[in-house]
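# Coordinate analysis (summary)
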Amino acid sequence: MMCTAKKCGIRFQPPAIILIYENEMKGKSRQRIMPVRNFSKFSDCNRAAEQLKNNPRHKNYLEQVSLRQLEKLFSFLRGYLWGQSLAETMEQIQRETTIDPEEDLNKLDDKELAKRKSIMDELFEKNQKKKDDPNFVYDIEVEFPQDEQLQSCGWDTESADEF
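Here's a quick rundown of the structure.

Analysis parameters
- Within every chain, residues take consecutive numbers counted from 1 along the sequence as written.
- In view of the model being predicted, local features appear only for residues whose pLDDT reaches at least 70, and side-chain atom pairs are presented and counted only at 80 or more, with totals across whole chains, interfaces and linings using the full set of residues.
- Side-chain measures here rest on the full set of heavy atoms in the structure, leaving out hydrogens and waters.
- The way it works is that DSSP assigns letters per residue, a run of H or I at least four long becomes a helix, a run of E at least two long becomes a strand, and they are numbered from the N terminus.
- Note on areas: Shrake-Rupley, 1.4 Å probe, and residue coverage restricted to the protein chains presented here.
- Any carboxyl oxygen of Asp or Glu that lies within 4 Å of a side-chain nitrogen of Lys or Arg is treated as forming a salt bridge with it.
- Accessibility here uses a 1.4 Å probe with only protein chains present; expressed as a share of the type maximum, an area under 20% marks a residue as buried, one over 50% as exposed, and anything in between as partly exposed.
- Contacts between residues were defined by any pair of non-hydrogen atoms, one from each residue, lying within 4.5 Å.
- When the centres of two rings from Phe, Tyr and Trp lie within 6.5 Å, Trp using its six-membered ring, the rings pair. Their planes under 30 degrees apart give stacked, over 60 give edge-to-face, and anything left gives tilted.
- For a ring to carry a charge above it, either NZ of a lysine or CZ of an arginine must fall within 6 Å of the ring centroid while also lying within 35 degrees of the normal to the ring plane.
- When DSSP finds two or more bridges between two strands, those strands count as paired.

## What to know about the overall build of the chain
For the chain, the count of helices and strands is 4 helices and 3 strands. In the chain, the order of α-helices and β-strands from amino to carboxyl end is β-β-β-α-α-α-α. Of the roughly 13300 Å² of accessible surface on the chain, 49% is carried by carbon and sulfur atoms.

## Things to note about the pattern of salt bridges
This model, assessed by the stated rule, comprises 6 salt bridges. One salt bridge in this structure joins Arg95 and Glu91, with 3.9 Å as the shortest N-O distance. Here Arg95 pairs with Glu91, and both are found in helix 3 (residues 86–97), just 4 residues apart, close to one helical turn. Looking at Arg95, the relative accessible area reads 55%, which means it is exposed. Owing to a relative accessible area of 49%, Glu91 belongs among the partly exposed residues under this scheme. Where Glu112 meets Arg116, a salt bridge forms, and the shortest distance between an N and an O atom there is 2.8 Å. You can see Glu112 and its partner Arg116 sitting in helix 4 (residues 110–127), 4 residues apart, about one turn around the helix. Given the relative accessible area of 12%, Arg116 is considered buried. Salt bridges sharing common partners tie together Arg68, Glu71 and Glu122.

## Section: the environment of Lys72
Among the structural elements, Lys72 can be located in helix 2 (residues 67–82). Judged by its relative accessible area of 33%, Lys72 is partly exposed. Linking Lys72 and Ile93, residues 21 residues apart in sequence, is a C-alpha distance of 7.2 Å. In this structure Lys72 touches Ile93 and Thr97, once residues within four positions along its chain are discounted.

## Focus on the packing of aromatic side chains
Under the criterion given, the structure shown has 4 aromatic pairs. Note on Phe39 and Phe74: the rings are 5.2 Å apart at their centroids and 45° apart in plane angle, and the pair reads as tilted. Highlighted residues: Phe39 in the loop between strand 3 (28–35) and helix 1 (45–54) and Phe74 in helix 2, separated in sequence by 35 residues. Each member of the pair, Phe39 together with Phe74, is buried. The ring of Trp82 is capped by Lys41, whose NZ or CZ atom sits 4.8 Å from the centre of that ring.

## A few points about the pairing of strand 2 (residues 16–23)
Buried residues dominate strand 2, accounting for 6 of its 8 residues. Both strand 1 (residues 3–11) and strand 2 contribute to a ladder of 8 bridges, which runs antiparallel. Following the sheet pairing, Ile10 is matched in strand 2 by Ile17. Taken together, the 8 bridges between strand 2 and strand 3 define a ladder with antiparallel strand orientation. Paired with Ile20 across the two strands is Gln31, which belongs to strand 3. Between strand 2 and strand 3, which pair antiparallel in sequence order, lie 4 residues; one of them, Gly27, sits at a positive phi of approximately 75°.

Okay, structure coming up:
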């Protein structure tokens, strides 16, 4: 079945993922409600999203929905189960999905590092200019302004004769 996902959301009572999609054969918009079972406030959102996306009953419908979006929806559900408001949950998700440039990534464990790398990859893909883009320009040369005198380093001031 060929379908194009239009919107994806979550319902809290009873918990379910709701997908609005368009059936390409008939051209009609449809709604699919996928109940969320065995999910508690202690559940792993990443694992729940993977299980739903790989479920044979929903696999064809969720092909165009990213795993990251499903994880966010499950995070909203987990926040609701913890008793958080929607604004608190959104703020928490924002903190988890943004990267602090001052953060030392060397101090993170493997799981957190992989999560940060996937966020960076997603941001790179989003901002990447491709050949098909209307604003694509090949071989851009940029000159950066030099307001101050460049600071020289000790290693580059030695002459080549010393080697």
